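# Descriptive structure summary
Each chain, written out:
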Amino acid sequence: MAAPLVLVVLAAVTVRAALFRSSLAAFIAERVEVASPLNAWKRVVEGLALLDLGVSPYSGAVFHETPLIIYLFHFLIEYAELVFMITDVLTAIALYLAIQDFNKVVFKKQKLLIELDKYAPDVAELIQTPMEMHYIPLKVALFYLLNPYSVMSCVAKSTSAINNSVIAFFILATIKGSAFLSAVFLALATYQSLYPLTLFAPALLYLLQRQFIPVKLKSKSFWLYTMQYASLYLCSLVVIICLSFFLLNSWDFIPSVYGFILSVPDLTPNIGLFWYFFAEMFEHFSLFFVCVFQINVFFYTIPLAIKLKEHPVFFMFVQIAIISVFKSYPTVGDVALYMAFLPVWSHLYRFLRNIFILSCVLIFCSFLFPVLWHLWIYAGSANSNFYYAITLTFNIGQILLISDYFYAFLRREYYLTHGLHLTRQDGTEAMLVLK
Amino acid sequence: VCTSRFWFNYRHVANTLSVYRSVKRLGIPDSHIVLMLADDMACNPRNPKPATVFSHKNMELNVYGDDVEVDYRSYEVTVENFLRVLTGRIPPSTPRSKRLLSDDRSNILIYMTGHGGNGFLKFQDSEEITNVELADAFEQMWQKRRYNELLFIIDTCQGASMYERFYSPNIMALASSQVGEDSLSHQPDLGIGVHLMDRYTFYVLEFLEEIHPASQTNMNDLFQVCPKSLCVSTPGHRTDLFQRDPQNVLITDFFGSVRKVEITAETVALDRDLAAFESKFPEDELATEPLKYAEQLPVAQIIHQKPKQKDWHPPGGFILGLWALIIMVFFKTYGIKHMKHVF
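Going by an unreviewed UniProt entry, chain B carries the name GPI-anchor transamidase and comes from Tachuris rubrigastra. Its UniProt record gives chain B the following Subunit (unreviewed entry) comment, quoted word for word: "Heteropentamer. Part of the GPI-anchor transamidase complex, consisting of PIGK, PIGT, PIGS, PIGU and GAA1. Interacts with GPAA1. Interacts with PIGT; this interaction, via a disulfide link, stabilizes the expression of GAA1 and PIGK and links them to PIGS." According to its UniProt record, chain B has this under Pathway (unreviewed entry): "Glycolipid biosynthesis; glycosylphosphatidylinositol-anchor biosynthesis."

Chain A is annotated in an unreviewed UniProt entry as PIGU protein from Tachuris rubrigastra. Listed in UniProt under the heading Subcellular location (unreviewed entry), the comment for chain A reads: "Endoplasmic reticulum membrane". According to UniProt, the comment filed for chain A under the heading Sequence similarities (unreviewed entry) is "Belongs to the PIGU family."

Next comes the structure, spelled out in structure tokens:
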């Protein structure tokens, strides 16, 4: 499997290098869908320039990345393009290895359940075989590297690529079972953009499953392991934050990074849901609605944890997708990350109900974003409502995609245990509905 | 202050500009005048004579010209800005021309025109100022010592209601009509198609044409301007808050800027010691050597030497800490046994 992966990597690197050298690079770097105030490359350069002038990079609300990024790019700024290409490649390799391991786990679990006779007799066609699972890791790497979203985000040199790579390593570490590394990478990811905090729950569930600790609220070993993992995570987070203090000898990065993410002061349009609402809102309501919108990101963790506790990796996928839809400054780089996982659930294809229309919606919206932006900003014949309509449609498409996969997954699980041909009490064919 | 906008309120702008002209003619400079107009008359697409605002029919007198300095124009004429100008509570970035830089020796003339009612004056069709607010603004001015004496003239319908609530000392007020009466406009110009002036202001202006900087006309004459026969409405005035007798108050105290200048041909010795100093000076001048600039900038050094770029470097402690952590994480995951391979 190494050779096809190398080929894919080479192809991706070529595409990115070609785009870097073309005139499209400058155009893409300015697009608001790709570069948000949090992760625009322009702002990183500005922050470093401010630092060279002797001023704190966080003054003036220009730079909203963490001090570790300052440290990273201080030495690597001339090789920025290489850095971003290597980051994408590393993400793809991490995802490849993670999914390879995950497939082994899935297969083992499936074998166990078959031997324990937990499956209904007529579900042979639903069971995943190694043949079809063989190419999934390659497809995942392919999906990530050649996804136009991630190509654009790499060409724009948006630091969401670095965030994606940290999350990919976190997933790799979790699936390999190393609690310590997974806590460290999760702390790094949270440190950079706060929302991966919600990935604590799926990681914990996966590690518990791996250690064969049942998830019961009364079980002592459950709480012990949870405390261990939580303390590893919190300690690494604290250590990283304190270390960042020593870079610039000031705590300004905390309001500039986390205060900025949470309080959403900058309302430049992006593909997210926050900007339009807050542009139109009265001052005295804005605090309330900021809280409501931010809680919306974190809110789905607990219900999903209850429902998906047997399937933590799917939970992780859904959680990453929810973060990228509901976060305060989403960009297409975040969308690229969860889309990379779609080949892993390709066995759910027969249960997806709306996949055609959703893929059409997503593709059309991606094309309409620059069109309506041009109409609004340059031609002046549209206004922000048009662009927000496309934003809304895109996000609705994403949400429906997630819920479609969720439905398909749960439906397959139900069929596995209850048989493919469900009948109601009177013998007619029944239909599963997600309530 | 002209508080109206739109083409059919031409006469209010003409009123204000005419008073502005008279006041300038009598000596008050633009730096001492705060003119607030909607300023949408001269360049209005409906104006058959662009760049002009006439105050007499048959286009006799153009009160808009090259030297009209409008301080607050168009949407800046709001109640808030007006009150801020009066009380001086203005953001620090406001230019001097938009401020009322008065002190406790200044006499202030405030002329307001527009549409009004019983107790209020309408500002630009969207807000109002009430007589209570105005009275409070004047009280703030008095407490901040922003005026010595204040003359308030208002030409609107039911104008007298605007001065009913004043309670600060040294204010004299004139209005074009009493409560319950409307102030009427004077004459339409068929060429322009709107009324050009209001009656009260027209007759006040005719009165002011007679005034020159040295005239001794007093306030009582101003109170007689525009009797009911000419004005249809009854002008009113209020002098109870004023400390001096209106008979003794000159028109030019408010409308003009009259200085008492006395020309003399003799020199005045201010200080005897200073005179002695002055005589010593010419001798000093001869004794000193020719002046030259001190060597302030080592220009030659600067040109020929490239400035050393002071780069920022991450502190050593940070780098040490970061790499120590990374190495610790590496060894924790992969075991200490690799250490011997590294070293």
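## Considerations on the sheet that holds strand 9 (residues 236-238) of chain B
Residues and elements named next belong to chain B. Overall, mixed pairing links the four strands, which are arranged 3-7-8-9 in an open sheet. Looking at the sheet topology across the chains shown, the edges are occupied by strand 3 (107-113) and strand 9. When the angles between neighbouring strand axes are averaged without regard to direction, this sheet yields 10°. One ladder, built from five bridges, connects strand 7 (residues 149-155) with strand 8 (residues 171-175); its direction is parallel. Looking at strand 8, one finds that L151 is bridged to M172. Each of strand 3 and strand 7 is contacted by helix 1 (residues 10-25), which is oriented at about 160° to strand 3, the strand it contacts most. Its contacts with the sheet place helix 4 (residues 199-209) against strand 3, strand 7 and strand 8, and it is angled at close to 130° to strand 7.

## Side note on the side chain of S183(B)
All names here are of chain B. The residue S183 is located in the loop between strand 8 and helix 4 in this model. At 2.7 Å, the side chain of S183 forms a polar contact with the backbone oxygen of T156. Among the polar contacts made by the side chain of S183, one reaches the side chain of S177 at a distance of 3.1 Å. Aside from chain neighbours lying at most four places away, what touches S183 is D155, T156, C157, S176, S177 and S233.

Rules and cut-offs
- Residues numbered from 1 in each chain as written.
- Chains lettered and ligands numbered in written order.
- Predicted model: local features only at pLDDT ≥ 70, side-chain atom pairs only at ≥ 80, totals over all residues.
- Heavy atoms only, no water.
- UniProt positions renumbered as here; feature names shortened; annotations may be inferred.
- Pairing = 2+ DSSP bridges.
- Helix = DSSP H or I, 4+ residues; strand = E, 2+ residues; numbered from the N terminus.
- Axes fitted to C-alpha atoms, helices over the stretch in contact; angles between N-to-C directions.
- Contact = heavy atoms within 4.5 Å.
- Polar contact = N/O pair within 3.5 Å; in protein donor to acceptor, adjacent residues only side chain to side chain.

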